[in-house]
Amino acid sequence: MISLLLRLTCLVVLLAPPVVATELVRDLYIAEVPVTDRGAAELDKAAAEGLAQVLVKVSGTEGVLALPAVENALPVAREQMLQYSYTRATNADTGEQALAARVEFEPSLVRQLLATAGAPMWTATRPVVLVWVVKDGVNGRHFVNSDTDPELVAELARAFHRRGVPVRLPLFDLEDTASIDPDQAWSLAAGPLRAASSRYGATEILAGRVAMLSSGDLVGDWLQLSGNNRTERGVTRASRREFAQQGAALVAESMASRYALPVQPGANLTMTVSGVNSYADYASIVAWLESLEPIEQASVTSIRADVVSLQLTASAIARQLAPVIELNSRLAPVKAERDASEPLSYRWQN
């Protein structure tokens, strides 16, 4: 199961469509953990490790594991499992077949635990990250893809999957070649990277440069671009797995700080959307809103000309909810009509 999942994930990474923006992550509450046998002790360990993985994915941050309520819950995680099964998978390090436990947790119980712990919850609809990596080798610099370094591509897929973050590599076709070359990408210059990424519609860009030491370790740097913001992280003497994990962690923690919301009691919020000219528009808006976990219900209260007013039953306040709603690029915020008390005003873009 693990090796098949990884192969499929890598396939998705490599066969990216020309345009990406957000994706619904469907396996946030599932984890697969290596075990030595099918005994109760190993299952207890797998449940604890699996719940830890799930909590990190759902909250977006590894800091959740240090919260007292979470520390108390992990030793009894087996009691919270919804179901489990066993599978044989290929160990990424040894190539041997290894036993693994696939554990799944009830979403409502995970959300309740996060609320008790005072931790945030990140909606399952998440921005897709476009990743450019350049490797410096004996034959010069080249982009990392499934042909030039399949092991690093596999580790990137595994690291991003573990953090619950959708990821794509560029197509590396003629258009990409004309837009940016390996030397430009190696410099981690934001301008060329943003320009080359524009065709993909990605709002989150991760660029890496890496070189291999004689010892087999990697050294390099990661750069994350989000809007006009940039964040950098250096990596020294790391394995491929560690290098990939640091890149995935950099992105996950940054995005979670913007999109993960504190779990709060339900509130009724007003939202208006102009430019709604058909039933299909209306249905798309309501479906999008109700697909977001913090929104329990989206009800239309009035329709005047092309303006639809809605009441949202949500577990977040308006200013916290707005960045999540705006992950849908067709909902353009109407800035001029916003004030501190009522920020949820949008125009639907066809």
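See the structure printed just above.
For the structure given in this document, a descriptive report is provided here. Just so it is clear, the structure is predicted and the values come from calculations on it, not from any experiment.

### Things to note about the overall build of the protein
When helices and strands are counted, the protein shows 11 helices and 18 strands. Against the globule reference of 20 Å for 350 residues, the protein gives a C-alpha radius of gyration of 22 Å, in line with a compact fold. Referenced to the eigenvectors of the C-alpha coordinate spread, the extents of the protein come out at roughly 65 × 55 × 30 Å. Considering only residue pairs separated by 6 or more positions, the protein has 66% of its internal contacts joining residues 24 or more positions apart. Approximately 16,400 Å² of the protein is accessible, and the part contributed by carbon and sulfur atoms is 52%.

### Details of the packing of aromatic side chains
Within the structure shown, the criterion is met by 6 aromatic pairs. Geometrically, the ring pair formed by tryptophan 132 and phenylalanine 172 is edge-to-face, given 6.0 Å between the ring centres and 85° between the ring planes. Here tryptophan 132 is found in strand β7 (residues 129-137), whereas its partner phenylalanine 172 is found in the loop between β9 (167-168) and α6 (174-179), with 40 residues between them in sequence. On the basis of relative accessible area, phenylalanine 172 is assigned to the partly exposed category, the value being 21%. Pairwise contacts between aromatic rings join Trp132, Phe143 and Phe172 into one cluster. Positioned above the aromatic ring of tryptophan 122 is the side chain of arginine 126, whose terminal nitrogen or guanidinium carbon lies 3.8 Å from the ring centre. The cationic tip of arginine 209 hangs over the ring face of tryptophan 186; the distance from NZ or CZ to the ring centre is 6.0 Å.

### Points about the side chain of serine 345
Among the structural elements, serine 345 can be located in strand β18 (residues 345-348). A relative accessible area of 6% places serine 345 in the buried class. For serine 345, the side chain forms a polar contact with the side chain of threonine 272, separated by 3.4 Å.

### A look at helix α2 (residues 40-59)
In an α-helix there are 3.6 residues to a turn, and that puts residues three or four apart on one side. Look at α2: 28 Å from first C-alpha to last across 20 residues, which is about the 28 Å you get at 1.5 Å a residue. Just downstream of α2, glycine 60 is the residue with a positive phi angle, here 90°.

### Some details on the nonpolar core
Among the nonpolar cores identified, the biggest contains 56 residues, and Phe160, Met271, Leu289, Leu312 and Ile325 are the most heavily contacted of them. For this core, the leading source of residues is helix α9 (residues 240-259), giving 9 residues. Among residues more than four places away in sequence, those in contact with leucine 312 are Ala267, Asn268, Leu269, Met271, Leu289, Ile295, Gln297, Ala298, Leu321, Ile325 and Leu344. Within the second largest apolar cluster, 32 residues are counted, among which are Val25, Ala52, Met81 and Leu99.

The rules behind these values
- Residues numbered from 1 in each chain as written.
- Predicted model: local features only at pLDDT ≥ 70, side-chain atom pairs only at ≥ 80, totals over all residues.
- Heavy atoms only, no water.
- Helix = DSSP H or I, 4+ residues; strand = E, 2+ residues; numbered from the N terminus.
- Rg over C-alpha atoms; globule rule 2.2 N^0.38 Å.
- Contact = heavy atoms within 4.5 Å.
- Areas by Shrake-Rupley, 256 points an atom, 1.4 Å probe, with all protein chains shown as cover.
- Phe/Tyr/Trp six-rings, centres within 6.5 Å; stacked < 30°, edge-to-face > 60°.
- Buried < 20%, exposed > 50% of the residue type's maximum accessible area, 1.4 Å probe, protein only.
- Lys NZ or Arg CZ within 6 Å of the ring centre and 35° of its normal.
- Polar contact = N/O pair within 3.5 Å; in protein donor to acceptor, adjacent residues only side chain to side chain.
- Expected span 1.5 Å × (residues − 1).
- Core = buried A, V, L, I, M, F, W, Y, C linked by side-chain atoms within 4.5 Å.

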